[in-house]
Amino acid sequence: MSTSTQELDVRSIPPVRRHPEIFRTFDTLAAGGAFVLVNDHEPRPLLYQFQVERPGQFEWNVLETGPELWRVEIARRREVGSRSVSDFLGTDHRRLDAIAVEVDCLVHAGYFAEAQRRFAEFRCGLDRHIEEEEKVLFPLFEERTGSADGPTAVMRDEHVRIRRGMGQTATAIHDMDREGYAESTRALRELLEEHNRKEEMILYPMTDRLAGGERERDDIVRRMQAMAPEE
Ligand SMILES: [Fe+2]
Ligand SMILES: [Fe+2]
């Protein structure tokens, strides 16, 4: 998402007209386009409606989760149709990498307030990505392989270190500490590169193979989007 991505603030729209207006905005997007939905609560019913009415056509990227504002980037996918775990989570890795590059540019240019705002969106996204893996993906992998002390144990351990690294980077940006930022962000980038590579090479493709077929893969993706471990 670039900083020029259009926003649709639905707080001033009467509730009955909100969903039609949101779908109308989505339907006018070009492939690869996006808008940011702004609301004062979690728009979960809207997500479920998108999953039913525009299956496989959108990305749901949460940028902010309250307490006052909920902001979600809704993007139109270039490809449509059924999804795999590898595609869904791999796409999110690349989205988050791109935000990290933006934050880097902002810090180097000395725009710390903007860097702080954008890094908060990165952190929100990566926190949710980790939760999607830990609440939906890993339990399924562990159940199908009968092992909870294999690759998922290593990944959970790395998640703790990734979250710690995000905390250190956030502090450095907040303190306008360029040196601290350079150090913490280098460590975080190295950790993430290695972590994401292992997930994309091993864990995601294995889960795709362990799933019962296209329908189950779509279902896993839907549950990760909603962060709903059970149906
Ligand atoms: Fe992970
Ligand atoms: Fe991941």
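Residues numbered from 1 in each chain as written. Chains lettered and ligands numbered in written order. Predicted model: local features only at pLDDT ≥ 70, side-chain atom pairs only at ≥ 80, totals over all residues. Heavy atoms only, no water.

## Some remarks on the domain arrangement of the protein chain
Taken domain by domain, the protein chain consists of domain 1 (6-76) and domain 2 (85-226). Taken together, the 15 residues of domain 1 in the interface contact 13 residues of domain 2. Contact with domain 2 buries surface across domain 1, with Q51, V62 and L63 losing the most and accounting together for 42% of the total. Note that E121 is salt-bridged to R71, the shortest N-O span being 2.9 Å. Along the contact surface separating domain 1 from domain 2 lie five residue pairs in polar contact (both at pLDDT 80 or more). Counting only elements with at least two residues in the side of domain 1 that touches domain 2, the list comes to α2 (44-53), β3 (58-65) and β4 (70-76). No other element matches the eight residues that β3 contributes to the side of domain 1 that touches domain 2. (Domains from an automatic or database assignment. Contact = heavy atoms within 4.5 Å. Buried area = accessible area lost by both parts, 1.4 Å probe. Salt bridge = Lys/Arg side-chain N within 4 Å of Asp/Glu carboxyl O. Polar contact = N/O pair within 3.5 Å; in protein donor to acceptor, adjacent residues only side chain to side chain. Helix = DSSP H or I, 4+ residues; strand = E, 2+ residues; numbered from the N terminus.)

## Examining the pattern of salt bridges
It is possible for side chains bearing opposite charge to pair when their charged atoms get close. Tallied over the full model, the rule gives 27 salt bridges. Among the salt bridges present, the one from R76 reaches D27, with a minimum N-O distance of 3.9 Å. Taken as a pair, R76 in strand β4 and D27 in helix α1 (residues 15-27) lie far apart in primary sequence, 49 residues in all. With relative accessibility at 17%, the residue R76 sits in the buried group. Overall, D27 belongs to the partly exposed group, its relative accessible area being 38%. Across the pair R83 and E59 runs a salt bridge whose closest N-O atoms are separated by 2.9 Å. With a gap of 24 residues between them, R83 in the loop between β4 and α3 (85-108) and E59 in strand β3 connect regions that are remote in the sequence. One continuous salt-bridge network, built from bridges that share partners, spans E7, E64, R71, E102, E114, R117, R118 and E121. (Buried < 20%, exposed > 50% of the residue type's maximum accessible area, 1.4 Å probe, protein only.)

## Observations regarding the nonpolar core
The biggest cluster of nonpolar side chains holds 21 residues, and the ones touching the most others in it are I22, F35, L46, F50, W60 and I74. Contact partners of I22, with chain neighbours within four places excluded, come to L8, V10, F35, L37, L46, F50 and I74. In terms of nonpolar packing, the next biggest core, distinct from the first, is built from 20 residues, L96, V107, M166 and Y181 among them. (Core = buried A, V, L, I, M, F, W, Y, C linked by side-chain atoms within 4.5 Å.)

## Examining empty space enclosed by the protein
Overall, the coordinates contain two cavities of 30 Å³ or more when judged by the stated rule. One number sums up the size of the largest cavity: a volume of about 60 Å³. Surrounding the largest cavity, E42, P43, R44, L47, W60, V62, W70, R128, Q225 and A226 form its lining. Of all elements in the fold, only α2, β3 and α7 (214-226) reach the threshold of two or more residues within the lining of the largest cavity. For the lining of the largest cavity, the per-class residue count stands at six nonpolar, one polar and three charged. (1 Å grid on protein atoms, 1.4 Å probe; cavity = no way out; pocket = protein on both sides within 12 Å on 5 of 7 lines; lining within 4 Å. Points joined across faces, edges and corners; volume = space filled by probe spheres on them. Nonpolar A, V, L, I, M, F, W, Y, C, P; charged D, E, K, R; others polar.)

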